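Each chain, written out:
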Amino acid sequence: MTGASAGASVLDDIVAGVREDLAERQRRTSRSDLESAVATAAPALDAEALFRRPGLSLVAEVKRASPSKGELSDIPDPASLAAAYEAGGATAISVLTEQRRFRGSLADLDVVRAAVDVPVLRKDFVVTDYQVWEARAHGADIVLLIVAALDDPTLRSLLARVGELGMTALVEVHDEDETQRAVDAGATVVGVNARDLKTLQVHPDTFSRLRPLVPDGVVTVAESGISGPQDAAAYAAQGADVVLVGEALVRDGDPRAAAAAIVAAGSGVAR
Ligand SMILES: O=P(O)(O)OC[C@@H](O)[C@@H](O)c1c[nH]c2ccccc12
């Protein structure tokens, strides 16, 4: 049995809402409209190559709310927030585009894309090819693929599409079985989410438990519950190439300095 069929969960609820919103957008914008937009868009930036550079990379997230915490921050100006992250040395910017639980949107992705020169991640519950085209049409360079939400054939076909469009896939796992599925499907960037999206609980030891299952040469990303520089340095010492941070940055009054402190903490950590 795969994660996608593991019974009712928060994740199933979120994906059901995502599919309804998706059907609505598909009525307005055809797949061929998206393909035309992609054909004339600037090519995707190579985020994976940036993640492979020495030192700890930071992916800084634009996140207003979450199912576990509710409202986090109003973020009236996502473009300025993203620019602050970039000025602080973030390698890439993550933008939540899920609307119902995270209060994100493709409009947020658009304004962030226009505001920064670094790669941008579309953070959403991607379950169909259409959403990958949509991500690229809106300027995303990276797409999140959550293994728990996908069966193997779908994971593989979405990975192939992300590659065809020149983008990087961040393939998210939260247990041993999902890690094996990600690796077998050929993921080159694996994100270990310390928050189990089925129960919403954070388990800080998840990264160190799953890291040994990821082959050398695959980029690893530590995700969720990172409260600041100390946590980031700890993940770097455990072999993380990248940390993905949302709440701690959106709640900080000085997101540029907060991002810079995380980047500084990760530099010079023996890995
Ligand atoms: O705000 P935090 O605890 O720093 O977490 C960021 C990020 O890991 C989290 O937003 C996230 C990780 N995977 C996801 C999948 C969908 C939505 C959100 C997420």
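Residues numbered from 1 in each chain as written. Predicted model: local features only at pLDDT ≥ 70, side-chain atom pairs only at ≥ 80, totals over all residues. Heavy atoms only, no water.

Enquirer: Help me understand the sheet that holds strand β9 (residues 219-223) in this model?
Expert: Strands belonging to one sheet form pairs held by backbone hydrogen bonds; the direction of such a pair is parallel or antiparallel. One closed barrel accounts for eight strands, arranged β1-β4-β5-β6-β7-β8-β9-β10; its pairing is parallel. Strand-to-strand, the axes of this sheet are offset by a mean angle of 25 degrees, without reference to chain direction. Alignment of strand β8 (residues 189-193) against β9, held across five bridges, turns out to be parallel. Considered in β9, the bridge of Gly191 is made with Val221. Packed onto the sheet, helix α5 (residues 106-115) meets β1 (57-62), β4 (92-96) and β5 (120-123) and runs at close to 175 degrees relative to β5. (Pairing = 2+ DSSP bridges. Helix = DSSP H or I, 4+ residues; strand = E, 2+ residues; numbered from the N terminus. Axes fitted to C-alpha atoms, helices over the stretch in contact; angles between N-to-C directions. Contact = heavy atoms within 4.5 Å.)

Enquirer: Any chance you could explain helix α1 (residues 10-28) here in plain terms?
Expert: Counted at 1.5 Å a residue, the expected span for α1 with its 19 residues is 27 Å, and the 28 Å between its end C-alpha atoms agrees. Buried within α1 we find Leu11, Ile14, Val15, Gly17, Val18, Asp21, Leu22 and Arg25. Here the buried residues of α1 occupy an arc of 160 degrees about the axis, which is enough to place them on one side. The outward face of α1, more than 90 degrees from its buried face, is lined by the exposed residues Glu20 and Arg27. The secondary structure elements touched by the buried residues of α1 are α5, β5 and α6 (129-137). (Expected span 1.5 Å × (residues − 1). Buried < 20%, exposed > 50% of the residue type's maximum accessible area, 1.4 Å probe, protein only. Arc of directions from axis to C-beta.)

Enquirer: Quick question: what am I supposed to make of the packing of helix α4 (residues 78-87) against helix α12 (residues 255-266) here?
Expert: In contact at an axis separation of 7 Å, α4 and α12 are set at 35 degrees when each is read in the N-to-C sense. The handedness of the crossing between α4 and α12 is right-handed. Across the interface between the two elements, Leu81, Ala84, Tyr85 and Ala87 of α4 pack against Pro255, Arg256 and Ala259 of α12. (Left-handed = near helix turned anticlockwise from the far one by under 90°.)

Enquirer: I'm lost on the packing of aromatic side chains in this one. Help?
Expert: Working definition: an aromatic ring pair is given by the centre-to-centre distance plus the angle between the planes. Considering all chains together, one arrives at two aromatic pairs under this definition. Seen in terms of ring centroids, Phe207 and Tyr235 are 5.6 Å apart; in terms of plane orientation they differ by 75 degrees. Their pairing is edge-to-face. Note that Phe207 is positioned in helix α9 (residues 206-210) and Tyr235 in helix α10 (residues 229-237), a separation of 28 residues in sequence. Judged on exposure class, the residue Phe207 and its partner Tyr235 are both buried. (Phe/Tyr/Trp six-rings, centres within 6.5 Å; stacked < 30°, edge-to-face > 60°.)

Enquirer: Sorry if this is basic, but what is going on with the UniProt feature "domain: Indole-3-glycerol phosphate synthase" (unreviewed entry) in the protein chain here?
Expert: The positions that UniProt labels "domain: Indole-3-glycerol phosphate synthase" (unreviewed entry) are, in the present scheme, residues 11-259. Segment residues 11-259 splits into 43% helix and 18% strand. End C-alpha atoms: 29 Å apart. (UniProt positions renumbered as here; feature names shortened; annotations may be inferred.)

Enquirer: Could you clarify how one ought to interpret the pairing of strand β7 (residues 168-173) in this entry?
Expert: Where a strand is regular, its side chains alternate between the two sheet faces. Within β7, six of the six residues are buried, which leaves it mostly tucked inside the rest of the structure. Residues of β7 alternate between two faces, with Thr168, Leu170 and Glu172 on one and Ala169, Val171 and Val173 on the opposite face, all of them buried. With five bridges joining them, strand β6 (residues 142-146) and β7 adopt parallel strand pairing. Paired with Ile146 across the strands is Glu172, a residue of β7. This β-α-β element, β6 to helix α7 (residues 152-164) to β7, shows right-handed connectivity. Handedness of the β-α-β unit built from β7, helix α8 (residues 176-184) and β8 comes out right-handed. (Right-handed = clockwise from strand over helix to strand, strands pointing away.)

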